[in-house]
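Understanding the architecture of this molecule
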Amino acid sequence: MRVLRLGVTALLLTGLIALGSRGAGDLPPLGPLLDPVHGVWATSAVTLPPVSVASISTLTAPVEVRVDVRGVPHIFATTLADAYRVQGYLVARDRLFQMEAQVRAAAGRLSEWAGARAVESDRRTRAMGLPWAAERDWAALETGGPTWQAVTAYAEGVNAWIDQLAPRDLPFEYRLLDARPLRWEPRFTLYFMAEMGRTLASSSSELRRPRIVDLIGAEATEVLFPVHAPIQEPVQPAPWPTPRLALPVLPPPSSVRVLSAGTDPGLPGGPEWGDDRVGSNNWAVAPGRTRDGHALLAGDPHLQLTLPSIWYEVHLMVPDSLDVAGVTFAGAPGVVIGFNRDVAWTFTNGGSDVLDWYRERVDHEESPTLYWLDGAWRDLQLEPTAYRGPGGTLLRIDTLRYTHRGPMLQVDSAWYSLRWTVHDPADDLGTFLRIQTAQTVDDWLDAMDSFVAPIQNGLVADRSGTIAIRASGRYPIRPNGARGDTIQDGTSSAHDWSGVLSADRVPFARAPRQGFLASANQEPIDPRVDSAYRGALWPAPWRAMRINALLRRDSSVTPEAMRLLQTDPGSARVEELLPRILAAGEGAGSTDSIARIVLDRLREWDGRYTLATREAVLFEAVVDEVNVRLWDELVPPGASAGRRLATPDGTLLLAALEDQGSIWWDDRDTPEREDREAVVGASLTAAWQRVVDERGPPGPRWEWREVQHANLYHLLGLPALSELGLPVTSGPSTIAPSFGRGTHGASWRMVVELGPEIRAWGTYPGGQSGNPASPRYADRVPLWQAGKLDPLLFPRDIEGLAPGEVESRLTFRSGKGRVP
C-alpha cells in the first residue's frame, strides 16, 4: 500500500507543479484507485450527515443557514463578522484543499507539499513578487478596519472547521500527501488576490517584440503587432458608427533575419498573441430596449476551467447591513460578482498594460548586490528566502532582490526589474466588500474608485434603469510617450512611471444613448477619441462586434435572449473572413477539383459553430493553412514550417486579403512570386487533405462536436477526477470562445433582471463541493455544457425558501466541539 500511495503522490505532485505554473498536465488516469465509491477516499464523508448545529467559538450570536437544492448556502446572521465567520466555515467544509492549494501557489510554498520538484515553480512566484505584494497589502490594512475584520472573521470560520476535523474527514488529497491543513491566516485571502492579479496580468511580451523586429524589421512589426486595434468596437461607445475598420497596408518585411534558432525566452505574465485567446464578456441593456421595461445585465468571466470551480456560490443576509448573492472566490469573504436588492454587477478583464520590465545594469551577473541608477550604484534590497519540503526539510536558500521599482529577476543572463500595479499597496478586497451594499449605479461607481489592479471593466445596472461601465483600476503614465510593450532602460529614473491617468481619461460610459453597453476585452477607447497608451496587441473585437450587432437588432430584449446570447454560435470573425477567402479562391480560377469542393462547402455554410456543423472544421483548417503560407517570414531560421514566433490576429489577415499583390503572400522558399489567389487556392486543397488525413473522409467525425471540447481538469490535473471531452457550442472568437485544449472558458454565467423584484439566473461548470465523491462535485456541468442557467433563489428572509427548496438546515452557535 505504501508503494501505491507513493505512486499516486508522485502524480499529485506533478499536478501541484502545474498549478504553480498556471496549467494542468496531461496525467495518466488512475483507474479504480480513484473510484469515488471504492477508492482511496471511500472512507471520507461523501455528504455531511444531516447537521442541525455547528460551533464557532467567536460567534457573537446564533446564525441560521439554509442550503438550497442547488447546494447554495443562504446565511442569515445578525452581524457582518458573524456572516463572514460562517461563510469561511462553509467554504472550508466544501473547498478546503482548493483554498490551501491556491494560497500555496500564490505564496511560492508548493515545495512544502511537493518537495524539490516544485522549487523552481516557487522561485518564479516569489521572484515575481506575489508574496511580497500580499504582505505589503496586509501591512497597509487598518487593524480593526472593515477589511481586516472581514478577513479575520473569515479565517476564524475556516479554522473552526479545520479544528473539528478527524483524520478520516480530511479531503483525500491531504491523506495522499500525508499532510494536515494549514491553519488559515487572515492574510491568506490577500495572497489569493495577488494570485488573481497574476492570472489577469497584461503585458506585451516585451522580450518577444525585439526578436520579431530582428526577423521582419521595426516598421512591419509595428503594423503586424500594433498598439491600436485595426478594427474598433470600443468598450466606451464611440461618437460615430462602429465597427470602424482601419485596416492597414502591410509594409514589406525587411531582410534583417539575424535570429538564431531556439526558444523564445519570454518574460512571465505575457498573453498569447493572435486570435487564439479566450476572454470574458458582459453587457447590459437599458429599460427602453427591453421587453418588460427593466434593466438587464449579463456576465460570463472566462478563466481556467477546473474542478472544483474557481467560484463558490453564496447568499449573505445581515439585517440593515447586507443582502447580497452571487459568487466569490474560495478563500475570500463576501461576493465578488452578483447582485443585491437594487444593483447587479459583473467584470471583464480590461487587458490594459500595467506591468513594465526594465533592463538593469548590476555589479555581478550571478549574485548582484548593486544596480546602476542615474550615474551611481544603488543597493539592492536583499531578502533571503528558504524553500522547504515536506516535514520542514530545507531544500534551498535563495535571495530575492528588489530595486526601487519592484522585484528583480534573471532571464537568461540578463537582469530585469518589474514595475507592476499589483505590487502597489491596495485594499482591493475592501472595494469588493463595499460594492455589495451599493443602492444605485453611482454608489457602486463611487465604491470602485479605490480599486487598483488589475484593470477591470466593471459593468453595473440598477433598478432605476441606469446602466454604466467603467475600466476600474490604475493606468500608469509612462514618461515622454514611452510604451509598456518595450523593455525600458533601468539605468535612468527618467524612465519611471510619473503618475496615473486622471479620472476623465478612464474608459467610461453611463446611460448611453444607444441603450446598451458591452465589453469583451477589446480596446476600451477608440484612439480617435483618446490615443493614450493603455496597452497593445488588443484582441480582435470579434466577440464585441457580435454582441453589439445582436443587441442593435433587438429593441425588445428578454432575459431568455440574454441567456441564449451567452452561447451564441455565430461569429463576426467568420462574417469578415469567409467572404474574402471565397472571393480569393474564386479568383484563383483553379481547376483543382478539391479546391472547388472546399469552396462549394464553405459557400453553403451559415458561419455558425453548432455541434453538428462540418464546415467549421474545414474553415479553421483553411485559415490555418493560409496563415502558414502568409506569415512564413515569422518563422525563425531552423524552425519547422508553421512554428512562428508569433501570429498576427485575424484583423491583419483581413488586411492581407485586401491586397492581392502584397509581398507577404510570396513564399520566400520558392523562386516564383506567389500572390493572394495562389496562396488561398493552395490552402483550400491543403486544408481538405489535412482534414481527411486527420479525420477520414467526410462523415460524422467531421462534426464540430468531435473536434472542439471543453476540458474541466481536477485542480491537480488528474483525468480520473476530471470532466473531459465535453462537446460545447463554442468556437474560436465566438461569444463563448474555445480553442486548443479547451481548458479555459465561461467560469460563471449570470443574467439579472432588475425589476421590482430581482430575478437572476446563473451556473458555473462544476459544483459546490470539492469532494469528487460528492453528488455536488460536478452536478452543474451538464447544465453549463448545454448553455442553460438555473434560476437563482434570493429569499428576503429565513422563511422565504419553500420547504421543497431547502436541502439542509444548520444553526451555528458560539462554542467548541465537533459537528454532531
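Just above, that's the structure.
None of these values were measured; they are calculated from a predicted model. (Residues numbered from 1 in each chain as written. Predicted model: local features only at pLDDT ≥ 70, side-chain atom pairs only at ≥ 80, totals over all residues. Heavy atoms only, no water.)

Focus on the overall build of the protein
Looking only at helices and strands, the protein features 20 helices and 34 strands. Within the span of the protein, comprising 820 residues, buried residues form 61% of the whole. In the protein, the share of contacts with a sequence separation of at least 24, taken over all contacts with a separation of at least 6, comes to 72%. Carbon and sulfur atoms make up 52% of the accessible area of the protein, which amounts to about 29900 Å² in all. (Helix = DSSP H or I, 4+ residues; strand = E, 2+ residues; numbered from the N terminus. Buried < 20%, exposed > 50% of the residue type's maximum accessible area, 1.4 Å probe, protein only. Contact = heavy atoms within 4.5 Å. Areas by Shrake-Rupley, 256 points an atom, 1.4 Å probe, with all protein chains shown as cover.)

Section: the sheet that holds strand S9 (residues 306–307)
Across the sheet, three strands lie side by side as S9-S28-S29; this open sheet has mixed pairing. Strand pairing shows two members of the sheet lacking a second neighbour, S9 and strand S29 (723–727), which therefore form its edges. Note: strand S28 (residues 709–714) against S29, three bridges, orientation antiparallel. Bridge pairing in S29 places His709 opposite Pro727. (Pairing = 2+ DSSP bridges.)

A look at the side chain of Asp568
Mapped onto the secondary structure, Asp568 falls in the loop between helix H14 (559–565) and helix H15 (572–587). Apart from the residues lying within four places of it in its own chain, the contact partners of Asp568 are Arg546, Leu550, Arg608, Thr734 and Ile735.

Examining the nonpolar core
The nonpolar side chains of a soluble globular protein tend to be buried with one another. Ranked by internal contacts, the top residues of the largest apolar core, which has 146 residues, are Trp311, Phe339, Trp444 and Phe812. With 14 residues, helix H2 (residues 80–107) is the single largest residue contributor to this core. The contacts of Phe339, once residues within four sequence positions are left out, are Asp323, Val324, Ala325, Ala344, Trp345, Met750, Val752, Ile758, Ala760, Leu792 and Phe794. Residues Val598, Ala616, Val623 and Val679 belong to the second largest nonpolar core, which totals 58 residues. (Core = buried A, V, L, I, M, F, W, Y, C linked by side-chain atoms within 4.5 Å.)

Here's the deal with the packing of helix H17 (residues 615–630) against helix H19 (residues 676–695)
With their axes 8 Å apart at the nearest point, H17 and H19 run at an angle of 125° to one another. What the angle tells us is that H17 and H19 run oblique. The interaxial crossing formed by H17 with H19 has right-handed handedness. In this structure, H17 uses Val617, Leu618, Ala621, Val622, Asp624, Glu625, Val626 and Arg629 to contact H19, whose residues at the interface are Val679, Ala682, Ser683, Leu684, Ala686, Ala687, Trp688, Arg690, Val691 and Arg695. Looking at side-chain class alone, the contact of H17 with H19 contains twelve nonpolar, one polar and five charged residues. (Axes fitted to C-alpha atoms, helices over the stretch in contact; angles between N-to-C directions. Parallel < 35°, antiparallel > 145°, perpendicular 65-115°, else oblique. Left-handed = near helix turned anticlockwise from the far one by under 90°. Nonpolar A, V, L, I, M, F, W, Y, C, P; charged D, E, K, R; others polar.)

A few points about the sheet that holds strand S6 (residues 281–285)
With antiparallel pairing, six strands are arranged side by side in an open sheet as S27-S6-S7-S31-S32-S33. A single partner strand is all that each edge strand has here, and the edge strands are strand S27 (516–519) and strand S33 (790–791). The pairing of S6 with strand S7 (residues 295–300) spans five bridges and is classified as antiparallel. Within S7, the residue paired with Val285 across the bridge is Leu296.

Considerations on the packing of aromatic side chains
For the structure shown, the criterion picks out 21 aromatic pairs. Look at Trp688 and Trp702: their rings are 5.1 Å apart centre to centre, the planes differ by 65°, and that puts the pair in the edge-to-face class. Remark: Trp702 occurs in the loop between H19 and S28 and Trp688 occurs in helix H19; sequence separation between them is 14 residues. Relative accessible area serves as the criterion here: at 12%, Trp688 is assigned to the buried category. By the ring-pair criterion, three or more aromatic residues cluster together here, those being Phe347, Phe432, Trp444 and Phe451. The positively charged end of Arg104 is found above the aromatic ring belonging to Trp113, 4.7 Å away from the centroid. Its guanidinium or amino end placed over the ring of Trp240, Arg528 lies 5.7 Å from that ring's centre, counting from NZ or CZ. (Phe/Tyr/Trp six-rings, centres within 6.5 Å; stacked < 30°, edge-to-face > 60°. Lys NZ or Arg CZ within 6 Å of the ring centre and 35° of its normal.)

Thoughts on the pairing of S6
In terms of burial, S6 is largely enclosed, as five of its five residues are buried. A two-sided burial pattern is seen for S6, the buried positions comprising Asn281, Trp283 and Val285 on one face and Asn282 and Ala284 on the other. Summarising the sheet, S6 and S27 pair through four bridges and their orientation is antiparallel. Paired with Ala284 across the strands is Leu517, a residue of S27.

So, the pattern of salt bridges
Using the criterion set out here, one finds 59 salt bridges in the structure. Linking Arg70 and Glu313 is a salt bridge whose minimum nitrogen-to-oxygen distance equals 3.0 Å. Taken as a pair, Arg70 in the loop between strand S2 (63–68) and strand S3 (73–76) and Glu313 in strand S10 (residues 311–318) lie far apart in primary sequence, 243 residues in all. The pair Arg70 / Glu313 is uniform in exposure class, with both members buried. Across the pair Arg580 and Glu576 runs a salt bridge whose closest N-O atoms are separated by 3.0 Å. Taken as a pair, Arg580 and Glu576 lie in helix H15 at a separation of four residues, close to a single helical turn. Here the salt bridges do not stand alone but share partners, grouping Asp624, Glu625, Arg629, Arg690 and Glu694 into one network. (Salt bridge = Lys/Arg side-chain N within 4 Å of Asp/Glu carboxyl O.)

A closer look at helix H18 (residues 650–657)
Counting along an α-helix, one turn takes 3.6 residues, and residues three or four places apart therefore face a common direction. Burial of H18 is extensive: eight of the eight residues sit out of reach of the surface. When we look at burial in H18, the residues that qualify are Gly650, Thr651, Leu652, Leu653, Leu654, Ala655, Ala656 and Leu657. Taken together, the buried residues of H18 touch helix H10 (218–224), strand S4 (231–232), helix H13 (542–553), H15, H17 and H19.

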